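Observations on the model geometry
Listed below are the residues making up each chain.
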Amino acid sequence: MQKGKTVIWISAILAICVISAAAGFLLSSLLLPRKMAVTVAVSEEEKDIDEVSDEEAGYQIPSVSVAETLPEFGQWKQNESGQYTYENPDGSLSVDWQEIDGAWYYFDEVGIMQTGWLQLDGSWYYLDGDGEMLTGWVKDQGTWYYLDKSGVMMTNYDTPGGYWVDSSGALAVKP
């Protein structure tokens, strides 16, 4: 008799599980949107897959204006003479001082990057061979010069560390 009750209980539990699964399947198919889902399995063997457009797959593609497709940052260009310019995101060439990737560069009135010694508004600056403005101690043709944190060559000045630069900006013995 005990064995018969166990079989009935097991049968009842199985029946409840089957009914629950069927009800869940029916409810999910009624409640979930009727969109096709694509399942992709990765394996070593090749299979042909029908391609579906983004719109058919349900993706919404926003329209993009031409202005939004311009690069966020400018880009370096080299002209036929080997000189460098920096093209801004709007297509114009940089002129004057420009900070690029944390370094300062100077471009003349037509956008050509400058190198070497540069005099502007009575101050001297030194731009290395890559055009980057230098600060601190710079050695040029055997002579040391001191450029402050804004790149200006100092003259008649006691530098950090107690050195003296004369009226030409060159390291010298203090008079």
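Refer to the structure presented above.
Starting from 1, residues in each chain are numbered consecutively following that chain's sequence as written. Given that this is a predicted model, residues contribute local features only at a pLDDT of at least 70 and side-chain atom pairs are listed and counted only at 80 or more, while totals for whole chains, interfaces and linings are drawn from all residues. Where side-chain values are given, they derive from all heavy atoms of the structure, hydrogens and water being excluded.

**Some remarks on the overall build of the chain**
Going along the chain from the N terminus, every DSSP run of H or I of four or more residues is numbered as a helix, and every run of E of two or more is numbered as a strand. Counting its secondary structure elements, the chain contains one helix and 11 strands. If you list the helices and strands of the chain from N to C, you get α-β-β-β-β-β-β-β-β-β-β-β. Only protein chains enter the accessibility calculation, which uses a 1.4 Å probe; a residue whose area is less than 20% of its type maximum is buried, one above 50% is exposed, and one in between is partly exposed. A total of 175 residues make up the chain; the buried ones form 22% of that total.

**Focus: the pattern of salt bridges**
In the sections that follow, a salt bridge refers to a side-chain nitrogen of Lys or Arg positioned within 4 Å of a carboxyl oxygen of Asp or Glu. A full pass over the atoms with the stated rule returns one salt bridge. As a salt-bridge pair, Lys-174 and Asp-158 come within 2.8 Å of each other at their nearest N and O atoms. Remark: Asp-158 occurs in strand β9 (residues 157-158) and Lys-174 occurs in the segment after β11 (171-172); sequence separation between them is 16 residues. Owing to a relative accessible area of 48%, Lys-174 belongs among the partly exposed residues under this scheme. By relative accessible area, Asp-158 is classed as partly exposed at 39%.

**Remarks on a nonpolar patch on the surface**
A patch is a set of surface residues, each over 30% in relative accessible area and not in a salt bridge, joined within 9 Å for like charges and within 5 Å for the nonpolar side chains Val, Leu, Ile, Met, Phe, Trp and Tyr. Values of accessible area rely on a 1.4 Å probe in the Shrake-Rupley scheme; residue burial ignores everything except the protein chains shown. A contiguous nonpolar patch, built from Trp-137, Trp-144, Tyr-163 and Leu-171 and spanning about 390 Å² of accessible area, is present on the exposed surface. One can find Tyr-163 in the loop between β9 and β10 (164-165). Judged by its relative accessible area of 47%, Tyr-163 falls in the partly exposed class.

**Here we look at the nonpolar core**
Membership of the largest hydrophobic core is limited to seven residues, which are Tyr-106, Leu-118, Leu-120, Tyr-125, Leu-127, Met-133 and Val-152. Broken down by secondary-structure element, the contributors of at least two residues to this core are β5 (116-120) and β6 (123-127). In this description, contact between two residues means that some pair of their heavy atoms is separated by no more than 4.5 Å. Sequence-distant contacts of Leu-120, defined by excluding residues within four places in its chain, comprise Trp-97, Tyr-106 and Tyr-125. Here the nonpolar core consists of buried residues drawn from Ala, Val, Leu, Ile, Met, Phe, Trp, Tyr and Cys, with membership extended through side-chain atoms lying within 4.5 Å.

**A closer look at the environment of Glu-99**
Tracing the chain through its elements places Glu-99 in strand β3 (residues 96-100). A relative accessible area of 44% means that Glu-99 is categorised as partly exposed. Sequence separation between Glu-99 and Met-133 is 34 residues, and the spatial gap between their C-alpha atoms is 9.8 Å.

**A short note on the pairing of strand β4 (residues 103-107)**
Along a regular strand, successive side chains alternate from one face of the sheet to the other. The buried count for β4 comes to four of five residues, which makes it a mostly enclosed element. The turn linking β3 back onto β4 is made up of two residues, and Asp-101 within it adopts a positive phi angle of 50 degrees. Two strands pair under a simple rule: DSSP has to find at least two bridges between them.

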